[in-house]
Amino acid sequence: MSIENARHAIEAAIHSGDFKAMGVAVFKVINVLEDRIKRLEEEVERLKRKSG
């Protein structure tokens with residue numbers, strides 16, 4: 001799931017007043033962000049090794 005898709009899921013849940021869906025969407029966003037952070041950290045380490 002992309003960050004944009006997760007954002008839309010949260011917005012849809014908010015508009016429908018579905019609190020369970022809001023919670024699920026928030027956890028999905030957290031997972032997406034954690035994955036992105038991990039990839040960025042790996043890329044930074046790769047670039048450090050390459051330049052060093």
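Refer to the structure presented above.
Quantities reported herein were computed from a predicted structural model and do not represent experimental measurements.

Trainee: Can you break down helix α1 (residues 3-16) residue by residue, with the values?
Mentor: The end-to-end C-alpha separation of α1 is 20 Å, in line with the 20 Å expected for 14 residues at 1.5 Å each. Where α1 ends, the next residue or the one after it, Gly17, has phi of about 75°, a positive value.

Trainee: Just give me the short version of the pattern of salt bridges, but keep the residues and values in it.
Mentor: By the definition in use, this model includes three salt bridges. Across the salt bridge formed by Glu45 and Lys48, the nearest N and O atoms sit 3.8 Å from each other. Placement of both Glu45 and Lys48 in helix α2 (residues 19-51) is noted, with a separation of three residues, approximately one turn of the helix.

Trainee: Describe α2, with residues and values.
Mentor: Its 33 residues place the ends of α2 48 Å apart at the C-alpha level, agreeing with the 48 Å of an ideal helix rising 1.5 Å per residue. Those residues of α2 not exposed but buried are Met22, Ala25, Val29 and Val32. On its buried side, α2 packs onto α1. For α2, the side-chain oxygen to backbone nitrogen distance between the N-cap and Lys20 is 3.2 Å, and the N-cap itself is Asp18.

Trainee: Before we move on, can you summarise the packing of α1 against α2 with the specific residues and values?
Mentor: Two elements in contact, α1 and α2, have axes separated by 8 Å at closest approach and are oriented at 165°. By the angle between their directions, the pair α1 and α2 is classed as roughly antiparallel. As α1 packs across α2, the resulting crossing turns out to be left-handed. Where α1 abuts α2, its residues Ile3, Ala6, Ala9, Ile10, Ala13 and Ile14 lie against Ala21, Met22, Ala25, Val26, Val29, Val32, Leu33 and Arg36. Grouping the amino acids of the contact of α1 with α2 by side-chain chemistry returns 13 nonpolar, no polar and one charged.

Cut-offs used in this document
Residues numbered from 1 in each chain as written. Predicted model: local features only at pLDDT ≥ 70, side-chain atom pairs only at ≥ 80, totals over all residues. Heavy atoms only, no water. Helix = DSSP H or I, 4+ residues; strand = E, 2+ residues; numbered from the N terminus. Expected span 1.5 Å × (residues − 1). Salt bridge = Lys/Arg side-chain N within 4 Å of Asp/Glu carboxyl O. Buried < 20%, exposed > 50% of the residue type's maximum accessible area, 1.4 Å probe, protein only. Contact = heavy atoms within 4.5 Å. Polar contact = N/O pair within 3.5 Å; in protein donor to acceptor, adjacent residues only side chain to side chain. Axes fitted to C-alpha atoms, helices over the stretch in contact; angles between N-to-C directions. Parallel < 35°, antiparallel > 145°, perpendicular 65-115°, else oblique. Left-handed = near helix turned anticlockwise from the far one by under 90°. Nonpolar A, V, L, I, M, F, W, Y, C, P; charged D, E, K, R; others polar.

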